[in-house]
Amino acid sequence: MQKIFVMIKCELGRAYEVADDIIERIEEVSEVDSISGQYDLMAKFYLKNDADIGHFVTQNVQTITGIKDTFTIMAFKAFR
């Protein structure tokens, strides 16, 4: 599995609605957190090894109403 984090900037006042929509509509989501800084939310997704990350983000995440911008981070290895 591929793990990616997507930081999401929302339209003003829409962060909770966007978080709910991500959880309801995208089965690959693991969790969505509200964060401080330039972005409003950070979502963690687990994708199949052969999944096209760019296609996943542009077709599944960026098309959710209320999202203004995204920043994707690919994870390579988790340390415990």
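Whatever comes next refers back to the structure up there.
Basis of the calculations
Residues numbered from 1 in each chain as written. Predicted model: local features only at pLDDT ≥ 70, side-chain atom pairs only at ≥ 80, totals over all residues. Heavy atoms only, no water. Helix = DSSP H or I, 4+ residues; strand = E, 2+ residues; numbered from the N terminus. Buried < 20%, exposed > 50% of the residue type's maximum accessible area, 1.4 Å probe, protein only. Contact = heavy atoms within 4.5 Å. Polar contact = N/O pair within 3.5 Å; in protein donor to acceptor, adjacent residues only side chain to side chain. Salt bridge = Lys/Arg side-chain N within 4 Å of Asp/Glu carboxyl O. Pairing = 2+ DSSP bridges. Arc of directions from axis to C-beta.

(A) View of the environment of Asn49. Mapping Asn49 onto the fold places it in the loop between strand E3 (41-47) and helix H2 (53-61). Note on Asn49: relative accessible area 58%, which makes it exposed. The spatial distance from the C-alpha of Asn49 to the C-alpha of Met1 is 5.0 Å, given a sequence separation of 48 residues. Non-local contacts of Asn49, meaning those with residues more than four positions away in its chain, are made with Met1 and Gln2. A polar atom in the side chain of Asn49 sits 2.9 Å from the backbone nitrogen of Met1.

(B) Seen up close, the pattern of salt bridges. One pass over the full model with this rule turns up three salt bridges. When salt bridges that share partners are traced, they join Glu11, Arg14 and Glu17 into one network.

(C) Quick peek at the pairing of E3. A large share of E3 lies buried, amounting to five of its seven residues. Here strand E1 (residues 2-10) pairs with E3 via seven bridges, running antiparallel. The residue of E3 that forms the bridge with Ile8 is Leu41. Pairing geometry for strand E2 (residues 29-34) and E3, over five bridges, is antiparallel. Bridge assignment links Val32 to a residue of E3, and that residue is Ala43. Count of turn residues in the E2/E3 antiparallel hairpin: six residues, of which Gly37 carries a positive phi of about 105°.

(D) Broad picture of the side chain of Thr70. Mapping Thr70 onto the fold places it in strand E4 (residues 67-75). Side-chain polar atoms of Thr70 contact the side chain of Gln62, separated by 2.8 Å. In this structure Thr70 touches Val6, Met7, Ile8, Tyr39, Val57, Val61 and Gln62, once residues within four positions along its chain are discounted.

(E) Structural context of helix H1 (residues 15-25). Looking only at H1, the buried set comprises Ala15, Val18, Ala19 and Ile22. Viewed end-on, H1 has its buried residues packed into an arc of 100°, placing them on one side of the element. Exposed residues lying more than 90 degrees from the buried face of H1 are Tyr16, Glu24 and Arg25. In the core, the buried residues of H1 are packed alongside E1, E2, E3 and E4.

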